[in-house]
Amino acid sequence: MDVVRSQPQHGWIEVITGSMFSGKSEELIRRLRRAQIAKQQVQIFKPLVDNRYSEDHIVSHSDMRMASQCVKSSDELVKCVDDDTEVVGIDEGQFFDANLPAACNTLADRGKRVIVAGLDQDYLGRPFEPMPQLLAIAEYITKTLAICVVCGDPANHTQRLVASSDRVLVGATGMYEARCRHCFDPTLAAVEKV
Ligand code: ADP
Ligand code: ZN
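Residues numbered from 1 in each chain as written. Chains lettered and ligands numbered in written order. Predicted model: local features only at pLDDT ≥ 70, side-chain atom pairs only at ≥ 80, totals over all residues. Heavy atoms only, no water.

1. Examining the sheet that holds strand 7 (residues 113-119)
- Pairing in this open sheet of six strands is parallel, and the strands run 5-2-6-7-1-8 from one edge to the other. Whereas interior strands pair on both sides, the edge strands pair on one side only; in this sheet they are strand 5 (69-71) and strand 8 (140-144). Within this sheet the neighbouring strands show an average axis-to-axis angle of 20°, counted without direction.
- Where strand 6 (residues 87-90) meets strand 7, four bridges bridge the pair, whose relative direction is parallel. The residue of strand 7 that forms the bridge with Ile90 is Val116. (Pairing = 2+ DSSP bridges. Helix = DSSP H or I, 4+ residues; strand = E, 2+ residues; numbered from the N terminus. Axes fitted to C-alpha atoms, helices over the stretch in contact; angles between N-to-C directions.)

2. Regarding the confidence of the model for the protein
- In the predicted model, the protein carries a mean pLDDT of 90, and 90% of its residues have values of at least 70.
- A low-confidence stretch, residues 1-5 (pLDDT under 50), is modelled with two contacts involving residues beyond four sequence positions or located in other chains. (pLDDT = per-residue confidence, 0-100. Contact = heavy atoms within 4.5 Å.)

3. Description of the pattern of salt bridges
- As enumerated under the stated definition, the model contains ten salt bridges in all.
- Residue Arg65 is joined to Asp63 by a salt bridge in which the shortest nitrogen-to-oxygen separation is 2.9 Å.
- The class for Arg65 is partly exposed, based on a relative accessible area of 36%.
- The class of Asp63 is partly exposed, set by a relative accessible area of 48%.
- The salt bridge involving Glu129 is made with Arg167; its shortest N-O contact spans 2.8 Å. Here Glu129 is found in the loop between strand 7 and helix 4 (131-137), whereas its partner Arg167 is found in the loop between strand 11 (157-160) and strand 12 (176-179), with 38 residues between them in sequence.
- A cluster of three or more residues bridged by salt bridges with shared partners is formed by Glu14, Glu27, Arg30, Arg31 and Arg113. (Salt bridge = Lys/Arg side-chain N within 4 Å of Asp/Glu carboxyl O. Buried < 20%, exposed > 50% of the residue type's maximum accessible area, 1.4 Å probe, protein only.)

4. Here's the deal with the coordination of the zinc ion (ligand 2)
- Protein-derived coordination of the zinc ion (ligand 2) comes from Cys148 (SG), Cys151 (SG), Cys180 (SG) and Cys183 (SG), at a distance range of 2.3 to 2.4 Å.
- One way to put it: the four donor atoms around the zinc ion (ligand 2) meet at angles of 103 to 116°, and that makes the site tetrahedral.
- Mapping the donors of the zinc ion (ligand 2) onto the primary sequence gives the spacing C-x2-C-x28-C-x2-C.
- On the basis of relative accessibility, which here comes to 3%, the residue Cys148 falls in the buried class.
- Exposure remark for Cys151: the relative accessible area of 41% places this residue in the partly exposed category. (Donors = N, O, S within 2.8 Å, 3.2 Å for Na, K, Ca; no water. Tetrahedral: all angles 85-135°; square planar, octahedral: opposite > 155°, others 65-115°.)

5. Some words on the site of ligand 1
- Taken together, 15 residues form the shell around ligand 1, and within it Phe21, Lys24, Glu26, His61 and Ile147 come nearest.
- At 2.8 Å, a side-chain N or O of Lys24 approaches an oxygen atom of ligand 1.
- At 2.7 Å, a backbone N or O of His61 approaches an oxygen atom of ligand 1.
- Against a free-state accessible area of 580 Å², the protein chains account for coverage of 75% of ligand 1.
- Sorting the residues of the shell around ligand 1 by element identifies helix 1 (24-37) and strand 9 (146-147) as the ones contributing at least two each.
- Its residues assigned to classes, the shell around ligand 1 shows six nonpolar, seven polar and two charged. (Near = heavy atom within 4 Å. Polar contact = N/O pair within 3.5 Å; in protein donor to acceptor, adjacent residues only side chain to side chain. Areas by Shrake-Rupley, 256 points an atom, 1.4 Å probe, with all protein chains shown as cover. Nonpolar A, V, L, I, M, F, W, Y, C, P; charged D, E, K, R; others polar.)

6. Quick word on the side chain of Arg31
- Assignment of secondary structure puts Arg31 in helix 1.
- By relative accessible area, which is 12% here, Arg31 ends up buried.
- Of the polar contacts made by the side chain of Arg31, one reaches the side chain of Glu27; its length is 2.7 Å.
- Setting aside residues up to four positions removed in sequence, Arg31 forms contacts with Glu14, Ile16, Arg113, Ile115 and Thr142.

Structure (structure tokens):
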């Protein structure tokens, strides 16, 4: 008798969250690679806004990379997921719209293992929507920490080094660094009034 491996009956949501440089993308790529090695059907997505390194790959700061699809919205993401896909990886979750938690719920309810990586705080240390909402509904949460470049303590913050009040400021290297709560200084990013 042939044993046909069918779609798992139950899905769930995993979230990997922390500051920049804390290893979120590396951890996401590690989990997705293991799933691929186990011959599971994997699809990987990132939001269109983030084209820092590569249009069609998720890329870590240590240059680990995996092919991915760019999507404009959470709704588009749900539509792009194939029926036979077992694992859905999503990077830069903080750049998605407010429907991301609902989209992940839909996919998990369809039996998919959904893994989302994203920043939990913005450059001022404020919760970065929609990640808090996603954390509330996830089955599994991994908090990653970087190393503070000033003192070496565990770094929970993303320090912006250039003056800008844009919440989303992607691009040049050297614009951000990882810092602990003691060394984090949100006023550094303040735009000077003329
Ligand atoms: P994230 O997705 O959280 O921004 P990445 O997975 O892209 O993080 O990159 C993690 C890598 O960043 C580390 O393995 C290391 O090579 C590099 N890195 C750069 N600065 C730091 C730092 N301050 N602390 C830890 N890792 C750092
Ligand atoms: Zn520090």
